[in-house]
Amino acid sequence: MKRGVAAGVALLLWFATPAYAHRLDEYLQATMIQVGKDLVQVQIRLTPGVAVFPSVLAAIDVNGDGFISAAEQRSYAERVLRDLSLAIDGTRMPLRLIASKFASIADMKEGRGEIQLDIEADVPRGGVDRRLTFENNHERAISVYLVNALVPRDPDVRITAQDRSYEQASYRLDYVEAAAVASSSNGPAPGSWTGFASVVRLGMRHIAEGTDHLLFLLVLLLPAPLVANGTRWGRYAGVKQSAARLLRVVTAFTIGHSLTLAAAATGWVSAPSGPVEVLIAVSIFVSALHALRPLFPGREAFVAGGFGLVHGLAFATMIAGYGIDPPTTALTVLGFNLGIEMMQLVVVVVTVPWLLMLARTPAYRVVRIDGAVVAGVASLGWMGERAFGLANPVTPFIELAADRAPLLAGALALVALGATAWTQARRQATLLPSPSSRAPSRNKFLTIRAPMDCPSDSGCS
């Protein structure tokens, strides 16, 4: 999912540790973003490593006198701002420098000093669900980047998703303004469905971008058309049995996440987002192992329902805690869940028919194993990232696949059609006799008919 609401633990740890903790041959630029209804606050802390310090100093101390004057500080800060881009809902916002603080040249030379810039930008009025995009292009050739968001101070603002490029120079933050939800849900006139439609779209977008949720479901569906044969997956189970299994798995997952979504969003249950995100990665890993070898054949629906409860807790972080009246909260939960189910149904309809077609061919073994391995590697990357703050090297590939989901669905369809045509051709070639095998049959037929045509008085037998 795509990635939760937790504040940057790794980044905060970096803030609390000496500068020698980062690599000395790079320019470390750590950014923290705090979004509110009317204002976005950005703090950037730039720490030059020992190896790159001379080039950084040359860009700051332009007159080369070994002293960073106030004018040089202001000039460098403005240069950094020109290399930054911050947009709200696609509109680029002007950035204001509020404060700057430069460490001494001696400290920066040893890799211990940093430059701190405090920046602000206004937030234009908008709808319910909003998107902030941030990009840092300052000294790309020598820099490494960290970026994260703080939990908003404003109780009416809820972060719904974060997404970063692999090098973290580009960052996207999705959030919801609770006051806008309440206002649009109530509407200017009684019976307005504007707010409901907005949260439906939010649910659809969340599941569409939640690659971990979809990956869990799709990988759990991979072995559903097959019959378990001991410790291996065997033959195709048939259309009726496969369809029944698929329906049970999807239904159980839906019921599971719907229950905890409703319970958590209304405050009946709560769970910290960190462990929930780790458990989601674990659920993908378990389903990947099951796709390789039967771990719980015939009990996929129970597993889908159980892990669905965990996924529902993650869904609930999108809409919990709005602080609005119970009827509006109930409507919000209903709309958000409806959006999730609609997008989930789209994904199932687009992929499952091709999986059923492929399951009748030998090619399905390759598709099943490759899909399970990809999911397993992705889940391990997510577990390391979410549990231990490790860099996730598979993130760029996951993002690339998510961005090209329609192409992947088209490729799956082509593979299914091609494998089916090839399999049918092989079967037809096996059933039809060859020309050499048909010739003796004709000779035998003539031999058999010869005595029947023989005159009765010729003495032939």
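To be clear, the structure that these remarks concern was listed above.
Residues numbered from 1 in each chain as written. Predicted model: local features only at pLDDT ≥ 70, side-chain atom pairs only at ≥ 80, totals over all residues. Heavy atoms only, no water.

A separate point is the packing of helix α13 (residues 395–403) against helix α14 (residues 405–431). Between α13 and α14, the shortest axis-to-axis distance is 5 Å and the interhelical angle comes to 75 degrees. By the criterion of interaxial angle, the relationship of α13 to α14 is roughly perpendicular. Of the residues in α14, those in contact with A401, A402 and D403 of α13 are A405, P406 and L408. Taken together, the residues of the contact of α13 with α14 sort by class into five nonpolar, no polar and one charged. (Axes fitted to C-alpha atoms, helices over the stretch in contact; angles between N-to-C directions. Helix = DSSP H or I, 4+ residues; strand = E, 2+ residues; numbered from the N terminus. Parallel < 35°, antiparallel > 145°, perpendicular 65-115°, else oblique. Contact = heavy atoms within 4.5 Å. Nonpolar A, V, L, I, M, F, W, Y, C, P; charged D, E, K, R; others polar.)

Counting residues in each nonpolar core, the largest one holds 40 residues, and the members touching the most others are L217, L221 and Y364. Listed by contribution, the elements that provide at least two residues to this core are α7 (211–221), β12 (232–236), α8 (239–265), α9 (273–292), α10 (300–316), α11 (326–358), α12 (363–388) and α14. In terms of residues, this core owes the most to one element, α12, which gives six residues. Among all residues touching L217, those that are not within four sequence positions of it are V249, V250, F253, Q344 and V348. Residues F53, I68, M93 and V123 belong to the second largest nonpolar core, which totals 37 residues. (Core = buried A, V, L, I, M, F, W, Y, C linked by side-chain atoms within 4.5 Å. Buried < 20%, exposed > 50% of the residue type's maximum accessible area, 1.4 Å probe, protein only.)

Among the structural elements, N337 can be located in helix α11. The residues touching N337, leaving out its near neighbours within four places in the chain, are H257, S258 and L261.

The next thing to look at is the packing of aromatic side chains. According to the stated counting rule, one finds three aromatic pairs in the structure shown. Ring geometry for Y76 versus F102: centroids 6.4 Å apart, planes at 75 degrees, classification edge-to-face. With Y76 in helix α3 (residues 70–82) and F102 in strand β5 (residues 96–102), the pair connects residues that are 26 residues apart, well separated along the chain. Just as Y76 is buried, F102 falls in that class too. (Phe/Tyr/Trp six-rings, centres within 6.5 Å; stacked < 30°, edge-to-face > 60°.)

With that settled, consider the environment of V200. Residue position: V200 is located in helix α6 (residues 194–209). Take V200: its relative accessible area is 11%, and that puts it in the buried class. When the C-alpha positions of V200 and N337 are compared, they lie 7.4 Å apart, and in sequence the two are 137 residues distant. Beyond its immediate chain neighbours, meaning those up to four positions away, V200 contacts G335, L338, G339 and M342.

With that out of the way, let us pick up the environment of L81. Following the sequence through the fold, L81 ends up in helix α3. Spatially, the C-alpha atoms of L81 and L95 are 7.0 Å apart, while their sequence positions differ by 14 residues.

Here the focus is α14. In this model α14 runs 39 Å from its N-terminal to its C-terminal C-alpha over 27 residues, within 8% of the 39 Å that 1.5 Å per residue would give. Taken as a whole, α14 has its buried residues at A409, L412, A413, A416, A419, T420 and T423. (Expected span 1.5 Å × (residues − 1).)

Quick look at the pattern of salt bridges now. A full pass over the atoms with the stated rule returns 15 salt bridges. For R79, the salt bridge identified is with E139, shortest N-O distance 3.1 Å. You can see R79 sitting in helix α3 and its partner E139 sitting in the loop between β7 (129–136) and β8 (143–149), a full 60 residues away along the chain. R79 gets classed as partly exposed once you look at its relative accessible area, which sits at 29%. (Salt bridge = Lys/Arg side-chain N within 4 Å of Asp/Glu carboxyl O.)

Don't take any of this as a statement about function, it's just geometry.
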